[in-house]
Amino acid sequence: MKYYSTNGNAPIADLQKAVVKGLAEDRGLYMPEEIYTLPKSFINDMPSMKFQDIAYNVAQNFFGDDVDGDALQDIVYDTLSFDCPVVKVTENIYALELFHGPTLAFKDVGARFMARLLGYFLRRSGSLGQGSSADLGGSVCGCATATNSTVNVLVATSGDTGSAVANGFLGVEGIHVYVLYPKGKVSPIQECQFTTLGKNITAIEVDGVFDDCQALVKSAFMDEELNKHMRLTSANSINVARFLPQAFYYFNAYARMKSLTSDIVMCVPSGNFGNICSALFGHEMGLPIKRFIAANNANDVFFNYLQTGKYEPKASVQTLANAMDVGDPSNFARILNLYSKNNALTPEATHHRITNLISGATYSDEQIKETMRQCYSETGYVLDPHGACGFRALQEGLREGEVGVFCETAHPAKFKEKVDDILGIDIEIPARLRAFMEGKKQSVELSKDFADFKAYLMNQ
Ligand SMILES: *Cc1c(COP(=O)(O)O)cnc(C)c1O
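As the structure is a computational prediction, the values presented were derived from the model and not from experiment.

Asks: What's the story with the side chain of Ser 163 in this structure? I'm lost.
Replies: Locating Ser 163 in the fold gives a position in helix 6 (residues 160-169). Non-local contacts of Ser 163, meaning those with residues more than four positions away in its chain, are made with Thr 103, Gln 193, Phe 194 and Lys 414.

Here you go:
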């Protein structure tokens, strides 16, 4: 499969290059040149298949040209070491629980898949253990490739991404991960999920804010000397290997729901719009979801686009559902590109196609709290603040005869203080989350100066 850039100004890439580079040279997002439709027979057979086999078929459809079948099967099976069950909440609303992975959030799926795929490329290009400078592409700056064979993933995090990426890459041979996070600005539960791992994961505690961490990572990719010294790559959520695999659980959810109805509405609590984008790719592949709802918190840029046809990014505002605090969702470019058929359609025609398939909703913190309380008292189901946006959007938006499925994107215990406070309960922390909290914190403390960060990396 060939991948082009949404900005239309970068060379076509193969899968390996798209995965290693993440972002195209023109800063656009990679898009597959074709999305193959899955056979009807497969769609019909899905209810009798298990999750991993459904996922493997979907993966074949996307990655089959570029990854050897047995290897791809191993990657998929190894990624999906946990289930993504659909759970009934009310008569016509179901939760697609995406929090049964290692860090209790949906980002585990994409991060685990990407780590394994990158490991596969490293092995295939023979750069493991031989110190050869196989052609794995370079970092964003396109500088000379370093001769040391280890690939170093740099990731800046305000909390959840760092834990999913660190745990996804944990123990993957040939890859070292540096997680940069703002000192004192992530919750203790989040912090322990990437500072207690050891092995090939290094946590770097930056004396600054999230933007400083992000700036350090960007400067590192641009620094020629550093890129000669070590191979750098990112595990950003716009990476095709991180966002496409999320389609797996939408197919599985459909398979589990099919006997109930043919009118399934899929509702995705959205921030950067990567998760819903993978569902839309699934739809393009023939997944018979009737329509989609993008549920937002007070950050309503997409919602406004649906109303007006104008996309006007703005600064994000802080909310209870903080993983969705995004004022300029990066995957919006992918959605536009998909429905404009790579800019072949006019903005009006594109908007029309999008609003025919996707509707939106936006909720204040007050509404999120109210929804969590109401759902808990009426059904006993504990929503997290992100899932609450999805649940409410279905409550308000479902039409006669439709059944709604919303993504529960994270386990409520990840936000224990907020959830306990809102619901007046003492939510139990799952054992695998407690295990992180008992681990010993290991981190490297650095200032927010790039010179310090560079000196540290030059010594590795
Ligand atoms: C990342 C995240 C989201 C938003 O997902 P996008 O793919 O960025 O739209 C929603 N909920 C939780 C818990 C998340 O961690």
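Asks: Honestly, the sheet that holds strand 12 (residues 358-362) in this entry has me stumped. Any pointers?
Replies: Note on sheets: strands pair through backbone hydrogen bonds, and any given pair is parallel or antiparallel. Across the sheet, 6 strands lie side by side as 4-5-13-10-11-12; this open sheet has mixed pairing. The open sheet has two edge strands, strand 4 (86-88) and strand 12, and neither has a second partner. The sheet shows a mean angle of 25 degrees between the axes of neighbouring strands, direction not considered. By the bridge criterion, 5 bridges tie strand 10 (residues 264-269) to strand 11 (residues 291-296) in an arrangement that is parallel. Along strand 11, the bridge assignment pairs Pro 269 with Ala 295. On the sheet, helix 15 (residues 347-357) packs against strand 11 and strand 12 and is oriented at approximately 75 degrees with respect to strand 12.

Asks: Help me understand the pairing of strand 13 (residues 403-408), please; the structure alone is not making it clear to me.
Replies: If a strand is regular, its side chains alternate between the two faces of the sheet. In terms of burial, strand 13 is a largely internal element, 6 of the 6 residues being buried. Neither face of strand 13 is exposed, since Val 403, Val 405 and Cys 407 on one face and Gly 404, Phe 406 and Glu 408 on the opposite face are all buried. Both strand 5 (residues 93-97) and strand 13 contribute to a ladder of 5 bridges, which runs parallel. Residue pairing for strand 13: Tyr 94 is matched across the bridge by Val 405. Judged from the 4 bridges that link them, strand 10 and strand 13 form a sheet pairing that is parallel. Looking at the pairing, Cys 267 lines up with Phe 406 of strand 13.

Conventions used here
Residues numbered from 1 in each chain as written. Predicted model: local features only at pLDDT ≥ 70, side-chain atom pairs only at ≥ 80, totals over all residues. Heavy atoms only, no water. Helix = DSSP H or I, 4+ residues; strand = E, 2+ residues; numbered from the N terminus. Contact = heavy atoms within 4.5 Å. Pairing = 2+ DSSP bridges. Axes fitted to C-alpha atoms, helices over the stretch in contact; angles between N-to-C directions. Buried < 20%, exposed > 50% of the residue type's maximum accessible area, 1.4 Å probe, protein only.

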